[in-house]
Amino acid sequence: GHASNVEESIHCDKCEAGKYTTSLNNIYCLDCEAGKYANLEGSAYCKNCNAGKYSIVSASQNENNCLNCEIGKISEEGETSCTFCEIGKWAKNNIECIGCSKGKYSSSLGLNNDNMCILCPIGKYNNNIGSNNILNCIRCEDGKIGIVEGAISNTSCINCEAGKYKDSLTKCEICPNGWIVSELKN
């Protein structure tokens, strides 16, 4: 935390806030790198900005230069920028990326909670975490329709009644006159 650039000096100067020295470099005080700060004079090291924050200021004298990441972005300690979570994930407290929960998906960046993930439509389900496309929502099998949005398994798919057929993902229709329902053979 002290330095002197004078040979045979009997006095070392204390580094000012925002600067530091180490035993390997004590001729000049060094600026704290961006993403770090030193709030005391005579520092032997710089402190990292907390996770979820970043700084582009070098020689920062206090934590006020550590700014919060934008909504939907994260950072680790001592960072100079924040990054988006990958598609299908959301940023929890600007610190970690969490996958959209089962029954949901997302195809966009910048989410900051699981409620921003989109529910799979009725007639489809998704049993995976972190899905990044509606195509990850699986259709109910033939002869079955869906009854809930955001289903997490095929147990939400119900059979069409006898004499009815699957007309859409959500609707069974009565067979027209002259027609019957036939069972599917695997």
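Refer to the preceding data block for the structure.
Summarised in this report is the structure supplied together with it. (Residues numbered from 1 in each chain as written. Predicted model: local features only at pLDDT ≥ 70, side-chain atom pairs only at ≥ 80, totals over all residues. Heavy atoms only, no water.)

1. What about the overall build of the protein chain?
Looking only at helices and strands, one finds 0 helices and 20 strands in the protein chain. Counting every position in the protein chain, which comprises 186 residues, the buried fraction comes to 32%. In the protein chain, the proportion of contacts linking residues at least 24 apart, taken out of those at least 6 apart, comes to 37%. In the structure as shown, the protein chain presents an accessible area of about 11900 Å², 48% of it carried by carbon and sulfur atoms. (Helix = DSSP H or I, 4+ residues; strand = E, 2+ residues; numbered from the N terminus. Buried < 20%, exposed > 50% of the residue type's maximum accessible area, 1.4 Å probe, protein only. Contact = heavy atoms within 4.5 Å. Areas by Shrake-Rupley, 256 points an atom, 1.4 Å probe, with all protein chains shown as cover.)

2. Quick word on the side chain of Ser131
Following the sequence through the fold, Ser131 ends up in the loop between strand S15 (124–125) and strand S16 (138–139). Among the residues examined, Ser131 registers a relative accessible area of 5% and is labelled buried. If we skip the residues at most four places from it in the chain, Ser131 touches Gly88, Lys104, Tyr105, Ser106, Asn126 and Asn136.

3. Describing the packing of aromatic side chains
Inspection of every chain in the model, using the stated rule, returns 0 aromatic pairs. Here the guanidinium or amino end of Lys73 rests over the ring plane of Phe84, the centre of that ring lying 4.7 Å away. (Phe/Tyr/Trp six-rings, centres within 6.5 Å; stacked < 30°, edge-to-face > 60°. Lys NZ or Arg CZ within 6 Å of the ring centre and 35° of its normal.)

4. Observations regarding the state of the cysteines
Overall, the coordinates contain 9 disulfides when judged by the stated rule. Two residues share a disulfide in this structure: Cys32 and Cys46, whose sulfurs sit 2.0 Å from each other. Here Cys32 and Cys46 share a disulfide; its torsion about the S-S bond, -85°, makes the bridge left-handed. Linking Cys32 in the loop between strand S4 (25–31) and strand S5 (36–37) with Cys46 in the loop between S5 and strand S6 (47–48), this pair joins segments that are 14 residues apart in sequence. According to the relative accessible area criterion, Cys32 is buried, its value standing at 1%. The disulfide partner of Cys100 is Cys117, and the S-S distance across this bridge is 2.1 Å. One quick way to see it: the torsion about the S-S bond of Cys100 and Cys117 is about -75°, and its sign makes the bridge left-handed. In this pair, Cys100 sits in the loop between strand S12 (96–99) and strand S13 (104–105) while Cys117 sits in the loop between S13 and strand S14 (118–119), placing the two residues 17 residues apart along the sequence. Of all cysteine sulfurs, the one in Cys160 lies closest to Cys175, which takes part in no disulfide; the gap is 9.4 Å. (Disulfide = S-S within 2.5 Å.)

5. Overview of unusual backbone geometry
Glycine aside, the phi torsion of most residues is negative, and most peptide linkages are trans. Of note in this structure, Ala59 is not a glycine but carries a positive phi near 60°. Positive phi outside glycine occurs at Asn93, with the angle close to 55°. When you line up the elements, Asn93 lands in the loop between strand S11 (89–92) and S12.

6. Points about a nonpolar patch on the surface
Together, Phe84, Ile87 and Leu109 make up a nonpolar patch on the protein surface, roughly 260 Å² of accessible area in all. Tracing the sequence through the fold places Leu109 in the loop between S13 and S14. (Patch = residues over 30% accessible without salt bridge, like charges linked within 9 Å, V, L, I, M, F, W, Y side chains within 5 Å. Salt bridge = Lys/Arg side-chain N within 4 Å of Asp/Glu carboxyl O.)

7. What about the pattern of salt bridges?
Under the definition given, this model contains 6 salt bridges. Put simply, Lys19 and Asp31 hold a salt bridge, and the shortest N to O gap is 2.4 Å. Within this pair, whereas Lys19 is found in strand S3 (residues 19–22), its partner Asp31 is found in strand S4, the two being separated by 12 residues in sequence. By relative accessible area, Lys19 is classed as partly exposed at 22%. Since its relative accessible area comes to 37%, Asp31 is described here as partly exposed. A salt bridge links Lys104 to Asp114, with the nearest nitrogen and oxygen atoms 2.9 Å apart. Note that Lys104 is positioned in strand S13 and Asp114 in the loop between S13 and S14, a separation of 10 residues in sequence.

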